[in-house]
Amino acid sequence: MDEKTTMGQPLRSMEDEETIDLMELARLLWAHIVQIVAAAVAAALICLLVCMFALTPKYQASINMIVNTRQDNSSTFTSDNFNSAKNLISTYAVIIKGNTVLNEVIDTLDLDMTYGKLYKMVEVTSVDSTQIMQITVTDTDAERAGEIAQTIADIVPDVLVEKVEAGSCKAVSDVSIDPNKVFPQTKKYVVLAGLLGAVVVCGVLVLAHLLHDTIVDDEDVQKKLGLPVLGLIPEV
């Protein structure tokens, strides 16, 4: 019986050592709240400076175009025409972002950029599963983004009639230029940076606390050895 008890003591001791006291961790973090807040503010401030001075802002301009499966309005428009038009948008997107259209845009506007760079700036999407496709251009110059979107809308109808003989498209809206930058999203990035800074400091404090296995004061004696402290010898 004594042997089992003796063997059981180390097991219970190991379990006690592996148990994490959440209240103790909470007190630890609260004791270092100033450092945590300072780290969050510092991270947010660094992110703000990077967004303001290191990152180049980007803006967007867009235009909507309607897709048809026929080149004239003589035939009756049916649900099959509508579904076919929706399916054509993905095909039209490939043609719009092809070198035939974009190289002509570069030549028309005399842009100082390659086809590959302009390709990354242009996005073609379907609007709410309709036969409307939206051409969006992202650029560091808002006005230039609008000019590119408008030029694409002017060039695309003739190119599509030539490439896809059964279909056509035309603009149904004017170019919309968003005056607000879409990159960087400063407020969002600053908040995330502040939270990340606080989390990193909290993680370091918790990790240091869990790895702390030395005896520094009388509290460590009671916690780690489970022995009562009878007295303290003052440092002279």
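Conventions used here
Residue numbers run consecutively from 1 along every chain, following the written order of its sequence. Totals for whole chains, interfaces and linings use all residues, but because this is a predicted model, local features are given only for residues with pLDDT of at least 70 and pairs of side-chain atoms are given and counted only at 80 or more. Think of the side-chain values as coming from all heavy atoms in the structure, minus any hydrogens and water. UniProt positions are given in the numbering used here, feature names are shortened, and annotations may be inferred rather than shown by experiment. For helices the rule is a DSSP run of H or I covering at least 4 residues; for strands it is a run of E covering at least 2, with both sets numbered from the N terminus onward. Relative accessibility under 20% of the residue-type maximum defines a buried residue, over 50% an exposed one, and the middle range a partly exposed one, all with a 1.4 Å probe and only protein chains included. By definition, residues are in contact when any of their heavy atoms lie within 4.5 Å. Only when DSSP finds a minimum of two bridges between them are two strands counted as paired. We call a pair of cysteine sulfur atoms a disulfide whenever their separation is within 2.5 Å. A patch consists of residues exposed above 30% relative accessible area that lack any salt bridge, with like charges linked at up to 9 Å and nonpolar side chains (Val, Leu, Ile, Met, Phe, Trp, Tyr) linked at up to 5 Å. Values of accessible area rely on a 1.4 Å probe in the Shrake-Rupley scheme; residue burial ignores everything except the protein chains shown. For this analysis, a salt bridge means a side-chain nitrogen from Lys or Arg found within 4 Å of a carboxyl oxygen belonging to Asp or Glu. By the counting scheme adopted, Arg and Lys are positive, Glu and Asp are negative, and His together with the chain ends is not counted. The atoms used to mark charge sites are NZ of Lys, CZ of Arg, CG of Asp and CD of Glu. Under the convention used throughout, the expected extent of a helix is 1.5 Å for every residue step, that is, one less than its residue count. Note on aromatic pairs: the rings of Phe, Tyr and Trp (six-membered ring only in Trp) are paired at centre separations within 6.5 Å, and the planes decide the class, stacked below 30 degrees, edge-to-face beyond 60, tilted for the rest. Criterion for a charge above a ring: Arg CZ or Lys NZ at most 6 Å from the ring centre, at most 35 degrees from the ring normal.

- Per an unreviewed UniProt entry, the chain carries the name Wzz/FepE/Etk N-terminal domain-containing protein and comes from Faecalibacterium intestinale.
- Recorded under Subcellular location (unreviewed entry), the UniProt text for the chain is reproduced unchanged: "Cell membrane".

1. Observations concerning the overall build of the chain
- Across its full length, the chain carries nine helices and five strands.
- Starting at the N terminus and ending at the C terminus, the chain contains elements arranged as α-α-α-β-α-α-α-β-β-α-β-β-α-α.
- Burial analysis of the chain (236 residues in total) assigns 31% to the buried set.
- For the chain, restricting intrachain contacts to residue pairs at least 6 apart in sequence, the fraction spanning at least 24 positions comes to 72%.

2. Thoughts on the pairing of strand E2 (residues 122-126)
- Relative to strand E3 (residues 132-139), E2 runs antiparallel, the two sharing five bridges. Bridge pairing links Val124 to Ile135 in E3.
- The turn linking E2 back onto E3 is made up of five residues, and Asp128 within it adopts a positive phi angle of 50 degrees.

3. Here's the deal with the state of the cysteines
- If you walk through the whole model with that rule in mind, you get zero disulfides.
- The thiol sulfur of Cys47 is not disulfide-bonded, and the nearest other cysteine sulfur, from Cys51, lies at 4.0 Å.
- Relative accessible area serves as the criterion here: at 15%, Cys47 is assigned to the buried category.

4. Remarks on a nonpolar patch on the surface
- Among the surface-exposed residues, Trp30, Ile33, Val34, Val37 and Val41 lie close enough to one another that they form a single nonpolar patch of about 520 Å² accessible area.
- At four residues, helix H3 (residues 33-54) tops the list of elements feeding residues into the nonpolar patch.
- Looking at the element boundaries, Val41 is found in helix H3.

5. Thoughts on a negative patch on the surface
- Taken together, the side chains of Glu104, Asp107, Asp110, Asp112, Asp158 and Glu162 define an acidic patch exposed on the protein surface.
- Counting residues per element, the ones that place at least two in the negative patch are helix H5 (99-109) and helix H7 (142-163).
- Inspection of the secondary structure assignment puts Asp110 in the loop between H5 and helix H6 (115-121).
- On the basis of relative accessible area, Asp110 is assigned to the exposed category, the value being 67%.

6. Structural notes on H3
- Between the first and last C-alpha of H3 there are 30 Å, a value that for 22 residues agrees with the 32 Å anticipated at 1.5 Å per step.
- Of the surrounding secondary structure, the elements contacted by the buried residues of H3 are helix H2 (22-31) and helix H8 (186-211).

7. Side note on the UniProt feature "transmembrane region" (unreviewed entry) in the chain
- Under the local residue numbering, the UniProt record ascribes the feature "transmembrane region" (unreviewed entry) to residues 29-55 and 189-211.
- The span residues 29-55 carries 93% helix and 0% strand; its end-to-end C-alpha distance comes to 34 Å.
- The straight-line gap between the two end C-alpha atoms of residues 189-211 is 32 Å; of that span, 100% is helix and 0% is strand.

8. Comments concerning the pattern of salt bridges
- Under the definition given, this model contains one salt bridge.
- One salt bridge in this structure joins Arg144 and Asp139, with 2.5 Å as the shortest N-O distance.
- Exposure remark for Arg144: the relative accessible area of 27% places this residue in the partly exposed category.
- Overall, Asp139 belongs to the buried group, its relative accessible area being 4%.

9. Overview of the packing of aromatic side chains
- Scanning all chains against the criterion turns up two aromatic pairs.
- Plain terms: the ring middles of Tyr115 and Tyr119 are 6.0 Å apart, the flat faces sit at 55 degrees to each other, and that makes the pair tilted. Of this pair, Tyr115 and Tyr119 both sit in helix H6, four residues apart, roughly one helical turn.
- Residue classification places Tyr115 among the partly exposed positions, given a relative accessible area of 30%.
- Given a relative accessible area of 37%, Tyr119 falls into the partly exposed group.
- On the numbers, 6.4 Å between centres and 70 degrees between planes, the contact of Phe183 with Tyr189 is edge-to-face.
- Note on Phe183: relative accessible area 31%, which makes it partly exposed.
- Over the ring of Tyr119 we find Lys97, and its NZ or CZ is 4.2 Å from the ring centre.

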